[in-house]
2 protein chains.
Amino acid sequence: MTAAGETTGTGTVSDFDVETAVTPRAGQPGVFDAELSERWRIGNGVNGGVLLALAARAMRDAFLAGDPATTHADPLAISAYYLTPAEPGALAAHVEPIRTGRSVSTATVSLRQPGEGSDVERLRAIATFGDLGAVHGEVTTTATPPELPPVEECLSMDQAPPQFLRAASLLERLDLRLDPATAGWAAGRPSGKGEMRGWLRLADGREPDVLMLLLAIDALPPTAFELGLPGWTPTLELSAHVRSRPAAGWLRIVITTRTNSGGFVEEDAEVWDSEGRLVALSRQLARVTPPRR
Amino acid sequence: MTAAGETTGTGTVSDFDVETAVTPRAGQPGVFDAELSERWRIGNGVNGGVLLALAARAMRDAFLAGDPATTHADPLAISAYYLTPAEPGALAAHVEPIRTGRSVSTATVSLRQPGEGSDVERLRAIATFGDLGAVHGEVTTTATPPELPPVEECLSMDQAPPQFLRAASLLERLDLRLDPATAGWAAGRPSGKGEMRGWLRLADGREPDVLMLLLAIDALPPTAFELGLPGWTPTLELSAHVRSRPAAGWLRIVITTRTNSGGFVEEDAEVWDSEGRLVALSRQLARVTPPRR
């Protein structure tokens, strides 16, 4: 692994790859060690998208360890259940391969951190991997990319409220530009609409790939902010589909919430690449705290 | 368990409950036995929604065995990965509880059938359960129920093409009424729009509950039919959120596909109850066979 300092600029290892790096544990096939830093924090835990990407990397490395020639390196579908907040420090990924098929491979992974006496599980996920480079290129879609003002007319996160920035070191790793139409919350005037739109790339210039898409789907501020629910919205479950490998350049992301019920909201994310392709879809169930009356 | 014959009319056990019944295996905590019939078949396997409901029932029974007073009996979120088609015959559900919390409990389950030499895994799922009766009743939503003609103006499945009916014994268990606007495929004139809408209840009159919603999300013909892709669309992954316990009566279901890419479509389902509440949401990734040219 590379020290977290050597992360900016071209030719060095990206912060994102450092944070999601996993090292096979000697003598324990399927077990990978990682180290979470303070650098991808949001609220009282490490960002859920970072954990998802780390979980996917561990599963992919386990497939590769089982078959170095495997082409099943793209997470077609991944579902994660968030159990307890992950904290900076040591983390172990325990991978169990479930099935290796002709066109896809499936595995499950448990992310654990040392606790008092025994390990505490942070996340359990299942994913099916395939080869997005081998698929036929035919695409038909009625989906349309989100309409966003140009990057330079959107709001960068250094304009976000200080209490939000302090709680989200994650934002220093991202170049995130929010559509002003969905950033009313930052000025105390939420729109009341459950939508958040923005441009995203990594601050250190690392280009998007299928793993980075798993970060992108959970990188924007919660739609609940625009609904006037300013508390944190911890993810209970998140499932994502990666439909295509992304082109280099800015990603466009739109997250939509339609229903707040039973103390939960769903957050539906779409990620579009610079060539105008819908490259990832996700939906999560997140807990909301009702506003105090 | 009750014989599958005693299923129609009031006061007897419903076909759906018979098919999804699980019996704890003596001396093996967390293992449940079930028997799949020929009665819920679609294409070359047993319907994915039936398997999902069975998987959820096994997890719920495992929680109840661990704590008979648990109130975590509603699947808030469930994600299933379909590995191989399930066939009529014996099936075992192996449940591993993951975490029991104050407000939610999480488990994983593996559904297996005897194969040549060893068991063959059919499905692996994770789910988080809670108590939908304990949540505060506040609901805000911008979602609107699907507009459907009255039940009596929709198409019942005995009007479906014979080759479809022969391959789907499932349809005899359902009272499914498709919106004629989304049933063009049945007459060889698919609309080209990725949408399927209909009314659903169980043919034997059993009222919907949270487990039956897991059937409902995967009970309509595939949207691919309306896209002019007449082949079967096996599910790779399906995740569902149950947002509310459904009221008695007809369910309204709408399934939407926007993007066909890389040989896959997503199918987004909404289930609305007779009181006009959005009670379940799901998304699945399904494989499509491109039409022959």
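Visitor: Looking at this structure, I do not really get the relation of the copies chain B and chain A. What am I missing?
Guide: Copies of the same chain, two in number, are related to each other by a rotation about an axis and a translation along it. Expressed as a screw transformation, the operator carrying chain B onto chain A has a rotation angle of 180 degrees and an axial translation of 0.0 Å, and the superposed copies differ by an RMSD of 0.0 Å. Interpreted geometrically, this transformation is the action of a two-fold axis. When the interface residues of chain B are mapped onto chain A, 100% of them are again interface residues, pointing to one common binding face.

Visitor: How should the pattern of salt bridges be read in this particular structure?
Guide: The tally for this structure, following the rule as stated, stands at 44 salt bridges over all chains. Look at the salt bridges and you will find they share partners, linking D15(A), R39(A), E172(A) and R173(A) into a network.

Visitor: Is there a simple way to explain the nonpolar core in this structure?
Guide: Side chains of a nonpolar character, in soluble globular proteins, are inclined to be buried together. Counting residues in each nonpolar core, the largest one holds 156 residues, and the members touching the most others are L174(A) and L174(B). Once you skip the residues sitting within four places of it in the chain, L174(B) turns out to touch W40(B), L200(B), R201(B), L202(B), A203(B), L215(B) and A219(B).

Visitor: Could you clarify how one ought to interpret the environment of P24(B) in this entry?
Guide: All names here are of chain B. Tracing the backbone shows P24 in strand β1 (residues 23-24). Taking the C-alpha atoms as reference points, P24 and S103, separated by 79 residues in sequence, lie 25 Å from one another. Not counting residues up to four positions away in its chain, the partners in contact with P24 are V31 and F32.

Visitor: I tried to follow the interface of chain B and chain A on my own but got confused; where do I start?
Guide: Across the boundary between the two partners, chain B contributes 54 residues, which contact 54 residues of chain A. Where chain B abuts chain A, roughly 4700 Å² becomes buried across the two surfaces, and 52% of that area is made up of carbon and sulfur atoms. At the boundary of chain B with chain A, the tally comes to 6 salt bridges. Taking the shortest distance from any N to any O, the salt bridge between R124(B) and E96(A) comes out at 3.0 Å. Taken together, the links from chain B to chain A amount to 35 residue pairs in polar contact (both at pLDDT 80 or more). Ranked by residues supplied to the side of chain B that touches chain A, first place goes to strand β17 (residues 278-287) of chain B with 7 residues. Within the side of chain B that touches chain A, the residues separate by chemical class into 20 nonpolar, 20 polar and 14 charged. With 3 bridges joining them, strand β15 (residues 259-261) of chain A and strand β9 (residues 139-141) of chain B adopt antiparallel strand pairing. For N260(A), the partnering residue across the bridge sits in β9(B) and is T140(B).

Visitor: What is the right way to read the packing of aromatic side chains from this model?
Guide: When we look at a pair of aromatic rings, we describe it by the centre distance and by the angle of the planes. Residues and elements named next belong to chain A. Inspection of every chain in the model, using the stated rule, returns 16 aromatic pairs over all chains. Consider the rings of F16 and W40, whose centres lie 6.3 Å apart with planes at 65 degrees: the pair is edge-to-face. You can see F16 sitting in helix α1 (residues 15-19) and its partner W40 sitting in the loop between β2 (31-36) and β3 (41-42), a full 24 residues away along the chain. The exposure classification of F16 matches that of W40, with both residues buried. Each ring, one from W199 and one from W250, has its centre 6.4 Å from the other, and the planes form 75 degrees; the classification is edge-to-face. On the criterion of sequence distance, the pair formed by W199 in strand β12 (residues 195-202) and W250 in the loop between β13 (235-242) and β14 (251-256) is long-range, its members being 51 residues apart. Exposure class is identical for W199 and W250. Each is buried. Site record: aromatic cluster; members linked through ring pairs are F164, W185, F225 and W232.

Scoring rules and cut-offs
Residues numbered from 1 in each chain as written. Chains lettered and ligands numbered in written order. Predicted model: local features only at pLDDT ≥ 70, side-chain atom pairs only at ≥ 80, totals over all residues. Heavy atoms only, no water. Least-squares fit on C-alpha atoms with pLDDT ≥ 70 in both. Contact = heavy atoms within 4.5 Å. Salt bridge = Lys/Arg side-chain N within 4 Å of Asp/Glu carboxyl O. Core = buried A, V, L, I, M, F, W, Y, C linked by side-chain atoms within 4.5 Å. Buried < 20%, exposed > 50% of the residue type's maximum accessible area, 1.4 Å probe, protein only. Helix = DSSP H or I, 4+ residues; strand = E, 2+ residues; numbered from the N terminus. Buried area = accessible area lost by both parts, 1.4 Å probe. Polar contact = N/O pair within 3.5 Å; in protein donor to acceptor, adjacent residues only side chain to side chain. Nonpolar A, V, L, I, M, F, W, Y, C, P; charged D, E, K, R; others polar. Pairing = 2+ DSSP bridges. Phe/Tyr/Trp six-rings, centres within 6.5 Å; stacked < 30°, edge-to-face > 60°.

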